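# Chains, contacts and geometry: an overview
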Amino acid sequence: MMIFGIGIDIVKTKRFEKLVKNPSILERFFNPKEILKIEGGVEAITKNRMSALCQHYAARFAAKEAFAKALETGIVFDLRDVFVVNRENGKPELFVEKSAEAIFRKACPDFERAKIFVSMSHEKEFVVSQVLIEI
């Protein structure tokens, strides 16, 4: 096995408050599997809940950016086609489909054997995501 690519991105969570308050914008950038349901609607979001929601979306956005950097393509795919979901134990997994999978297949000489690893972390107003692609 060898490393095909590695990417990292850092994002300020405050940038995501407008997105959290506007579900139609969230739907343009995030896969339905990443979008969290908000009980009581946007009006019911407390300050702490807003912070957690911003961290959630910022980390996933950073993972999309880190994936593009690992491929060395830039974002030339629909952002909704790269998404992060958490396993039952909380470990994040990054998946690609549709346009992102097509770009990945073209960029990676051994796509069928490729494994994608993602790590995400947050500290107050910043999140960081790192993606490693192994073939």
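A short tour of the structure in this document, coming up. (Residues numbered from 1 in each chain as written. Predicted model: local features only at pLDDT ≥ 70, side-chain atom pairs only at ≥ 80, totals over all residues. Heavy atoms only, no water.)

### Concerning the overall build of the chain
Counting its secondary structure elements, the chain contains four helices and five strands. The order of α-helices and β-strands along the chain, N terminus first, is β-α-α-α-β-β-α-β-β. For a compact globule of 135 residues, the expected C-alpha radius of gyration is about 14 Å, and the chain comes in at 15 Å, within 12% of that figure. Oriented by its inertia axes, the alpha-carbon framework of the chain measures out at about 50 × 25 × 25 Å. Scored against the burial criterion, the 135 residues of the chain give a buried share of 39%. At a minimum sequence separation of 6, the contacts of the chain that also span at least 24 residues come to 60%. Accessible area of the chain: about 8,000 Å², with a carbon and sulfur share of 53%. Treating the 22 positive side-chain charges of the chain as one cloud and the 19 negative ones as another, the clouds have centres 4 Å apart. (Helix = DSSP H or I, 4+ residues; strand = E, 2+ residues; numbered from the N terminus. Rg over C-alpha atoms; globule rule 2.2 N^0.38 Å. Buried < 20%, exposed > 50% of the residue type's maximum accessible area, 1.4 Å probe, protein only. Contact = heavy atoms within 4.5 Å. Areas by Shrake-Rupley, 256 points an atom, 1.4 Å probe, with all protein chains shown as cover. Lys, Arg positive; Asp, Glu negative; His and termini not counted. Charge placed at Lys NZ, Arg CZ, Asp CG, Glu CD.)

### Here's the deal with the pairing of strand β2 (residues 82-86)
Sheet topology note: the β2/strand β3 (residues 92-96) ladder contains five bridges and is antiparallel. Residue V84 lies in a different strand from β3, and its bridge partner there is L94. The hairpin formed by β2 and β3 contains five residues between the paired strands, and G90 there has a positive phi angle of roughly 95°. (Pairing = 2+ DSSP bridges.)

### Digging into the environment of C54
Among the structural elements, C54 can be located in helix α3 (residues 47-71). On a C-alpha basis, the gap between C54 and E125 in space is 9.1 Å, while along the polypeptide they are 71 residues apart. In this structure C54 touches T13, F16, E17 and V20, once residues within four positions along its chain are discounted.

### Comments concerning the pattern of salt bridges
Within the structure shown, the criterion is met by eight salt bridges. Linking E17 and K14 is a salt bridge whose minimum nitrogen-to-oxygen distance equals 3.1 Å. Note on E17: relative accessible area 24%, which makes it partly exposed. Residue R87 is joined to E93 by a salt bridge in which the shortest nitrogen-to-oxygen separation is 2.9 Å. The partly exposed category is assigned to R87, whose relative accessible area is 41%. Here the salt bridges do not stand alone but share partners, grouping E101, R105 and E112 into one network. (Salt bridge = Lys/Arg side-chain N within 4 Å of Asp/Glu carboxyl O.)

### Examining the pairing of strand β4 (residues 115-123)
Pairing between β4 and strand β5 (residues 126-134): nine bridges, direction antiparallel. Note that in β5 the partner of F117 across the bridge is L132. Joining the antiparallel neighbours β4 and β5 is a turn of two residues, in which K124 adopts a positive phi near 50°.

### Digging into the packing of aromatic side chains
The final tally for this structure, using the stated rule, is seven aromatic pairs. Pairing F29 with F61 gives two aromatic rings, centres 6.4 Å apart and planes at 80°, and the pair type is edge-to-face. Here F29 is found in helix α2 (residues 23-29), whereas its partner F61 is found in helix α3, with 32 residues between them in sequence. Ring geometry for F67 against F77: centres 5.8 Å apart, planes inclined by 65°, an arrangement best described as edge-to-face. Here F77 lies in the loop between α3 and β2 and F67 lies in helix α3, a separation of ten residues in the sequence. Pair check on accessibility: F67 and F77 agree, each one buried. By the ring-pair criterion, three or more aromatic residues cluster together here, those being F67, F77, F104 and F111. (Phe/Tyr/Trp six-rings, centres within 6.5 Å; stacked < 30°, edge-to-face > 60°.)

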